[in-house]
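# Architecture at a glance
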Amino acid sequence: MKTTDLIKDSLNQSPSQRGFLQNASETRDFESAPKIVELASFEETMLPHLDAAHNLATWLLRNEQDAEDVVQEAYLRAFKSFDGFRGSNGRPWLLTIVRNASYTFLKENKAVDLTIPFDDEIHAIGQESASPATILEHAEDAELIREAMDALPAESREILALRHQEGLSYQEIADIAQIPPGTVMSRLARARAKLKGCLAARVGNDQ
């Protein structure tokens, strides 16, 4: 079952049968009118951003099953904290929770790309032999881009996904990553350079 279907089913099941929301439903007053209204409001506000949540988790974790597990955990956290949510745009708020849950997962599993720096020299091999036009031509290959992004550290994958796939503003990314907007811009510039170098290396190796 897809993550979207699983979460929607979990949200819409009776309190005694909820999957990832089961812990949140153990209180006696869960079926009270305020709780029902809160659940409906949560669904309306947060479920439309499920694809974005899954996309970010997938880029950070590079594993479909791990991403699904983290997104479910993130939605559980989001539901428990929903009474503190303020505003009309739930996507940055939700993605902050997804990001934090993803990094917690990576740290708990001692992910390599959190501790080993990206080697610019290694990934720059072949960059000079591949012309900009050739790089651009290959960059249109979605699979090639995915493989190149997978080779980047988590910080770079995150910033590229949020900016170029989710189309978030610098301020929204700053809020999610909990860093100043200026740091977002510098990280994005470094991530783009690393991605370009990795693409160039792969294109050069294919020639």
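This structure is a prediction, so every number in the text was calculated from the model and none was measured. (Residues numbered from 1 in each chain as written. Predicted model: local features only at pLDDT ≥ 70, side-chain atom pairs only at ≥ 80, totals over all residues. Heavy atoms only, no water.)

### Concerning the pattern of salt bridges
- If you walk through the whole model with that rule in mind, you get five salt bridges.
- Two residues, D150 and R146, come together in a salt bridge whose shortest N-O distance is 2.7 Å. Of this pair, D150 and R146 both sit in helix α8 (residues 142–150), four residues apart, roughly one helical turn.
- For R146, a relative accessible area of 34% translates into the label partly exposed.
- Where E155 meets R187, a salt bridge forms, and the shortest distance between an N and an O atom there is 3.6 Å. (Salt bridge = Lys/Arg side-chain N within 4 Å of Asp/Glu carboxyl O. Helix = DSSP H or I, 4+ residues; strand = E, 2+ residues; numbered from the N terminus. Buried < 20%, exposed > 50% of the residue type's maximum accessible area, 1.4 Å probe, protein only.)

### Section: the environment of A101
- Mapping A101 onto the fold places it in helix α5 (residues 91–108).
- Along the primary structure A101 and V70 are separated by 31 residues, whereas in three dimensions their C-alpha atoms are 6.3 Å apart.
- Among residues more than four places away in sequence, those in contact with A101 are V70, A74 and R77. (Contact = heavy atoms within 4.5 Å.)

### Description of the packing of helix α3 (residues 50–61) against helix α9 (residues 154–165)
- Between α3 and α9, whose axes approach to 8 Å, the crossing angle comes to 155°. The pairing of α3 with α9 is recorded here as roughly antiparallel in orientation. Read as a crossing pair, α3 and α9 show a hand that is right-handed. Residues N55, L56, W59, L60 and L61 of α3 form the contact with α9, whose own contacting residues are A154, R157, E158, A161, L162 and Q165.
- By residue class, the composition of the contact of α3 with α9 is seven nonpolar, two polar and two charged. (Axes fitted to C-alpha atoms, helices over the stretch in contact; angles between N-to-C directions. Parallel < 35°, antiparallel > 145°, perpendicular 65-115°, else oblique. Left-handed = near helix turned anticlockwise from the far one by under 90°. Nonpolar A, V, L, I, M, F, W, Y, C, P; charged D, E, K, R; others polar.)

### Here's the deal with the side chain of E166
- Relative to the elements of secondary structure, E166 occurs in the loop between α9 and α10 (170–177).
- Among the residues examined, E166 registers a relative accessible area of 16% and is labelled buried.
- Once residues lying within four places of it in the same chain are set aside, the contact partners of E166 are A52, N55, R91 and A161.

### Observations regarding the nonpolar core
- The biggest cluster of nonpolar side chains holds 50 residues, and the ones touching the most others in it are Y75, L95 and L160.
- Elements supplying a minimum of two residues to this core: α2 (33–46), α3, α4 (64–80), α5, α8, α9, α10 and α11 (181–206).
- In terms of residues, this core owes the most to one element, α3, which gives eight residues.
- L95 has contacts with A52, A53, L56, L162, L168 and I176, leaving out every residue within four places of it along the chain. (Core = buried A, V, L, I, M, F, W, Y, C linked by side-chain atoms within 4.5 Å.)

### Examining the layout of surface pockets
- If you add up the space inside the largest pocket, you get close to 150 Å³.
- Looking at the largest pocket, the residues that line it are I145, M149, L160, H164, Q165, R192, L195 and K196.
- For the lining of the largest pocket, the secondary structure elements donating two or more residues are α8, α9 and α11.
- Class assignment for the residues of the lining of the largest pocket results in four nonpolar, two polar and two charged. (1 Å grid on protein atoms, 1.4 Å probe; cavity = no way out; pocket = protein on both sides within 12 Å on 5 of 7 lines; lining within 4 Å. Points joined across faces, edges and corners; volume = space filled by probe spheres on them.)

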